[in-house]
Amino acid sequence: MNALLPLIEVKNLKVTFHGRTGPVLAVDDLSFQVSPGETLAIVGESGCGKSATAMSLLRLIQPPIGRSEGGSILFGGKDLLQLEYEEMRAVRGREIAMIFQEPMSSLNPVLTIGRQLTETVRVHADASQETSRLRAIELLHLVGLPDPESQLRKYPYELSGGMRQRVMIAMALINKPSLLIADEPTTALDVTIQAQVLDLLSKLQEETGTSILLITHDLGVVAEIAKRVIVMYAGRKVEEATTIELFDNPQHPYTRGLMAAGPRLGSAMADVKKARLREISGTVPIMNGELVGCPFAERCENVLDQCRLAFPQDTQVTETHCVACFNPNGAT
Amino acid sequence: MSMISRIFGFCLRYPLVGISTLILLALLFVSLFAPFLWTVDPLQISPATRLRPPSLEHWFGTDALGRDIYSRVVYGTRTSLFIGFVVTLVSYAFGIAIGFLSAFNRFADTVLMRIIDGVMSIPSVLLAISLTALAEPGIWIVILAISIIEIPRVTRLVRGMSLALRDALFIEAAYASGTSTWRTLFRHILPNISAPMFVQASQICAQAMLIEATLSFIGAGVPPSNPTWGNIIAEGRSLYQIAPYMILFAAMALAITVLAMNLLADGLRDALDPKLNRGG
């Protein structure tokens, strides 16, 4: 496969939610692409449109809750936003699969693991009970659950959080999707299990060649498995770079703020009690259409007058690194 | 063999379910094999042997027209169970359909729920009486009337539970993996609400038999030519001081059946909870 040809290409995506007080713009003019076999991470704090992006790729945001208003999502030569319901249904789970944040509640509590896995196969293929059962065992084996055959008879409550997330991953991969959307796959898990699940994801990616779109707020997770990163703020892409570039040379003040907000081994740790993590003051503004200019302006330490007048265009830093900021270097 | 031992083990773990199922199976047996259980024609009038107390010849005695009460009670089992089961089936078929529709379609919800509210606001027996008055008396109009009373209760249950589940993450996950709405309803939501539904179904079945008895008792139910426990009691009511056995046996049959149904409901509630299910 041609590695230069993107697997999925999102152009100028716009997603609005219908709130009580009027429409809220959750994703605004977002463009990105994912190449085959690549892991792209979307980072940002709560409410900045990461999950809305993920959901709209599968067209799970439907009226009356909200809708995707503009742009296109090109996948396999089709624009997903233009597909008929049945065509879209065939894409979901078979070509683009998704794993959710909460492994505790994303499995059906009254169906056995086996039933849920085979059900996912049979939604898309006219497979017999036996074929789909074998496929389920194969996948449980692949995600590293011990004794897959006996796991099939278990109910979700009998499994731990980490095991459930493995089941979710198995379920997502059972139809061999070419894109896996992982929406905060490790947020609800404790740290040791997080590492295991991340390892598993990258191992599976090598084995199956699936692209992964990773949604997270945890830069540690990004560093672990992503090759490229998009930083989102208030529904906008503010910075895009390879993981190495982003960590070496963060450009956008928001990205730097995110990085400063996490603890660093070796730096402040010497005087743990006095050291205070830096926070970004303020909150993400609600994008109800009244705001002009850069949404980060109110919280930004490098703010200029022009920041309040228009949203900055993307500026290329290097070929693989671009940032949307008028004043990344803090000139006054 | 393993099937039998599993059922046996299940009944030991949930004795309520075991006992009540046994009683209900016995009643089913009685209603299916009524003609072979030493009965005579339940409609056979014999003025010479009226109002006889229980004896070897007439186990439960005879009524004011000399009909054998034992035979009438046994045949009445048929009608009463039939009404109970058919009402349960009909009210669930409609209740699930309407409940799902209103849980997943806002417009339908507004319209359907107002209708349901309207039906629920009319006293149930009153509604049934007026419905049975509209048509020629018979078993089907009784079934229809009781079903109309019970449908709103099923609908409310199904709608309420589906609404709670509609936004559950695993339902979203089901959609995200390409499951159609139809399939999601029946493969994911229905199994989640089936436990309370079974519990309510046995209550509705019991309720239906009681309403039928009430209707027959006040003369708006199944005509006496088709014996039910309700109309047997109704016929015995004026003579109960001199012939209490006319009411006694039919009332006992009704009480035992309703009790068994309610016990079944109670036991099922425990047995169907997957978190308490110890590998049955």
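Everything discussed here concerns the structure shown above.
Procedures and definitions
- Position numbers for residues count from 1 along each chain, tracking the sequence in the order it is written.
- Chain letters and ligand numbers both follow the written order, the letters beginning at A and the numbers at 1.
- Side-chain atom pairs in this predicted model are given and counted only at pLDDT of 80 or more, local residue features only at pLDDT of at least 70, and totals for whole chains, interfaces and linings cover all residues.
- Side-chain numbers come from the whole structure's heavy atoms, not from hydrogens or water.
- Elements are defined by DSSP. Helices are runs of H or I of four residues or more, strands are runs of E of two residues or more, and each kind is numbered from the N terminus.
- Three labels apply to residues, based on accessible area from a 1.4 Å probe with only protein chains included: buried if under 20% of the type maximum, exposed if over 50%, partly exposed otherwise in between.
- Should any heavy atoms of two residues lie within 4.5 Å, those residues are considered in contact.
- In this description, accessible areas are obtained by the Shrake-Rupley approach with a 1.4 Å probe, and a residue is regarded as covered only by the protein chains that are shown.
- Note on charges: Lys and Arg go in the positive column, Asp and Glu in the negative column, and His and the chain ends are not counted at all.
- To locate a charge, the coordinates of NZ of Lys, CZ of Arg, CG of Asp or CD of Glu are taken.
- The criterion for strand pairing is that DSSP finds at least two bridges linking the strands in question.
- Interaxial angles span 0 to 180 degrees and are taken between N-to-C directions of axes, which are lines fitted to C-alpha atoms, for helices over the stretch in contact.
- Throughout this description, the term salt bridge denotes a Lys or Arg side-chain nitrogen within 4 Å of a carboxyl oxygen of Asp or Glu.
- Amino acid classes used here: Ala, Val, Leu, Ile, Met, Phe, Trp, Tyr, Cys and Pro are nonpolar; Asp, Glu, Lys and Arg are charged; the rest, including Gly, are polar.
- Here a helix's expected span is defined as the number of its residues, less one, multiplied by 1.5 Å.
- Two axes enter the bend calculation: one fitted to the seven residues ending at the residue in question, the other to the seven starting there, and the bend is the angle between them.
- Each Phe, Tyr or Trp ring, with Trp reduced to its six-membered ring, pairs with another whose centre is within 6.5 Å; inter-plane angles below 30 degrees give stacked pairs, above 60 give edge-to-face pairs, and intermediate values give tilted ones.

Peer 1: I tried to follow the overall build of chain B on my own but got confused; where do I start?
Peer 2: Check the secondary structure of chain B and you find 10 helices and zero strands. In sequence order, chain B lays out its α and β elements as α-α-α-α-α-α-α-α-α-α. For the C-alpha atoms alone, the extent of chain B along its principal axes is close to 75 × 50 × 25 Å. The buried share among the 280 residues of chain B stands at 49%. Sequence separation of at least 24 residues holds for 71% of the intrachain contacts in chain B that already meet a minimum separation of 6. Approximately 13800 Å² of chain B is accessible, and the part contributed by carbon and sulfur atoms is 71%. Charge-centre separation for chain B: the mean point of 19 positive side chains lies 6 Å from the mean point of 15 negative side chains.

Peer 1: Looking at this structure, I do not really get the sheet that holds strand 11 (residues 315-318) of chain A. What am I missing?
Peer 2: Adjacent strands of a sheet form backbone hydrogen bonds with each other and so pair up, either parallel or antiparallel. All names here are of chain A. Spatial ordering of the open sheet is given by 6-7-8-3-9-10-12-11, a layout of eight strands whose pairing is mixed. A strand with exactly one partner marks an edge of an open sheet, and here the two such strands are strand 6 (96-99) and strand 11. Averaged over neighbouring strand pairs, the angle between their axes works out to 20° when direction is ignored. The pairing of strand 6 with strand 7 (residues 179-183) spans four bridges and is classified as parallel. If you follow I96 over to strand 7, its bridge partner there is L179.

Peer 1: Quick question: what am I supposed to make of the interface of chain B and chain A here?
Peer 2: A common way to express how large an interface is: the accessible area buried when the components associate. Residue-level contacts link 20 residues of chain B with 26 residues of chain A. For the interface between chain B and chain A, the tally reads two salt bridges. A salt bridge links E119 of chain A to R187 of chain B, with the nearest nitrogen and oxygen atoms 2.8 Å apart. Secondary structure elements with two or more residues in the side of chain B that touches chain A: helix 7 (169-176) and helix 8 (181-217) of chain B. Partitioned by chemical class, the residues of the side of chain B that touches chain A number seven nonpolar, eight polar and five charged.

Peer 1: Help me understand the sheet that holds strand 4 (residues 66-75) of chain A, please; the structure alone is not making it clear to me.
Peer 2: Residues and elements named next belong to chain A. Across the sheet, which stays open at both edges, the four strands sit in the order 2-1-4-5 with antiparallel pairing between neighbours. Whereas interior strands pair on both sides, the edge strands pair on one side only; in this sheet they are strand 2 (22-34) and strand 5 (78-79). By the bridge criterion, eight bridges tie strand 1 (residues 8-19) to strand 4 in an arrangement that is antiparallel. Across the sheet, the residue bridging to K11 is S72, located in strand 4. On the sheet, helix 1 (residues 50-57) packs against strand 1, strand 2 and strand 4 and is oriented at approximately 110° with respect to strand 1.

Peer 1: Looking at this structure, I do not really get helix 8 of chain B. What am I missing?
Peer 2: In an α-helix there are 3.6 residues to a turn, and that puts residues three or four apart on one side. All names here are of chain B. Compared with an ideal rise of 1.5 Å per residue, which puts 37 residues at 54 Å, helix 8 spans 46 Å between its outermost C-alpha atoms and falls more than 12% short. The sharpest bend along helix 8 reaches about 50° and sits at L190, with the proline P191 one to four residues further on. A positive phi of about 85° marks G219, the residue just after helix 8.

Peer 1: I would appreciate a short explanation of helix 1 (residues 2-13) of chain B in the present structure.
Peer 2: End to end, helix 1 of chain B covers 16 Å across 12 residues, agreeing with the expected 16 Å (1.5 Å per residue, within 8%). Of all 12 residues that make up helix 1 of chain B, zero are buried, and the element is exposed over most of its length.

Peer 1: Even after reading the chapter, I still don't get the packing of aromatic side chains, so can you show me in this structure?
Peer 2: The relation between two aromatic rings is expressed through the spacing of the ring centres and the mutual angle of the planes. Residues and elements named next belong to chain B. In total, this model carries 13 aromatic pairs over all chains according to the counting rule given. Arranged with centres 4.7 Å apart and planes meeting at 55°, the rings of W59 and Y70 form a pair that is tilted. Remark: Y70 occurs in helix 3 (residues 69-104) and W59 occurs in the loop between helix 2 (15-32) and helix 3; sequence separation between them is 11 residues. Note on F60 and F249: the rings are 3.9 Å apart at their centroids and 5° apart in plane angle, and the pair reads as stacked. Of this pair, F60 sits in the loop between helix 2 and helix 3 while F249 sits in helix 10 (residues 245-271), and the two are 189 residues apart along the sequence.

Peer 1: Would you explain the environment of H141 of chain A in this entry?
Peer 2: All names here are of chain A. Among the secondary structure elements, H141 is positioned in helix 4 (residues 129-142). Residue H141 is classed as exposed on the basis of its relative accessible area, which comes to 59%. A C-alpha to C-alpha distance of 8.9 Å links H141 and A170, two positions 29 residues apart in sequence.

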